[in-house]
Amino acid sequence: MKKITFFMAMAVLLTIFACSQIAENNDPVIGIWTDEAISAKTSTKGPSGRQEWIFNDAYLGRYHGYEGHEIKVQTDFKWKKTDEVYIISYPGTDFQDDIVTMEESEEGIILLEIEGEVLAVKE
C-alpha cells in the first residue's frame, strides 16, 4: 500500500513540476478592431457595412461582417506577426490574407494594409 501511495505522490509531483508555463502574449493587436467604411474592398469578405476582427492571445480570432445590426458573415482567423507585419489568414474560406502594419493616426491606432488603405481601427 505504501508503494502505491508513493507512486501516486510522485506522479502528482511530476505532473505539477513538469508542466510548462504558457508564454504570455501581450501583443498590442490583441483586442477588437472595426471598420465602418463601405467600399469595394469591404464587399470582398461579404456585405458592405461594419466589419469586426477580435484578436486573442492564442494567435487566433473571430471575424464578423455586419449588414445593419445583423451578422451576415462570421469566420475564424489565424494571425501571426513577422517583424512589424501582421498576416491575417482565414482558413476554410476564399478570403485573401490581409497583410497589415500597426500605425498611429489621428483616428487612433490603425491596421494599415501594405497598399496604404486602412483595414481597421482599434476600439
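Residues numbered from 1 in each chain as written. Predicted model: local features only at pLDDT ≥ 70, side-chain atom pairs only at ≥ 80, totals over all residues. Heavy atoms only, no water.

Our focus in this paragraph is the confidence of the model for the chain. A residue-level look at the chain finds 80% of positions with pLDDT of 70 or above and a mean pLDDT of 86. Within the model, pLDDT remains below 50 along residues 39–43, and this stretch shows 12 contacts once partners closer than five positions in the same chain are excluded. (pLDDT = per-residue confidence, 0-100. Contact = heavy atoms within 4.5 Å.)

For the rest of this paragraph, the subject is the pairing of strand β7 (residues 108–113). Across 6 bridges, the pairing between strand β6 (residues 98–105) and β7 is antiparallel. Note on β7: the bridge partner recorded for Glu103 is Ile110. (Pairing = 2+ DSSP bridges. Helix = DSSP H or I, 4+ residues; strand = E, 2+ residues; numbered from the N terminus.)

Right, let's get into the pattern of salt bridges. All chains considered together, the criterion is met by 6 salt bridges. Glu123 is paired through a salt bridge with Arg50; the nearest N and O atoms lie 2.9 Å apart. Here Arg50 lies in the loop between β1 (31–35) and β2 (51–55) and Glu123 lies in the segment after β8 (118–122), a separation of 73 residues in the sequence. Among the salt bridges present, the one from Glu70 reaches Lys72, with a minimum N-O distance of 3.3 Å. Here Glu70 falls in the partly exposed class, since its relative accessible area comes to 47%. (Salt bridge = Lys/Arg side-chain N within 4 Å of Asp/Glu carboxyl O. Buried < 20%, exposed > 50% of the residue type's maximum accessible area, 1.4 Å probe, protein only.)

What follows covers the nonpolar core. Grouped together as the largest cluster of nonpolar side chains are 16 residues, with contacts concentrated most on Trp53, Phe55, Phe77 and Ile88. Those elements that place two or more of their residues in this core are β2, β4 (70–82), β5 (85–89) and β8. The leading source of residues in this core is β4, at 3 residues. Aside from chain neighbours lying at most four places away, what touches Ile88 is Phe55, Phe77, Lys78, Trp79, Asp97, Asp98, Val100 and Leu119. (Core = buried A, V, L, I, M, F, W, Y, C linked by side-chain atoms within 4.5 Å.)

We now examine the side chain of Thr101. Considering the arrangement of structural elements, one finds Thr101 in strand β6. Among the polar contacts listed, one links the side chain of Thr101 to the side chain of Glu103, at a separation of 3.2 Å. Apart from the residues within four sequence positions on either side, Thr101 is in contact with Glu84, Val85, Ile110, Leu111, Leu112 and Ile114. (Polar contact = N/O pair within 3.5 Å; in protein donor to acceptor, adjacent residues only side chain to side chain.)

Our next topic: the sheet that holds β2. The 8 strands are arranged β1-β2-β3-β4-β5-β6-β7-β8 in a closed barrel whose pairing can be described as antiparallel. Sheet twist, expressed as the mean angle between neighbouring strand axes with direction ignored, is 30°. (Axes fitted to C-alpha atoms, helices over the stretch in contact; angles between N-to-C directions.)

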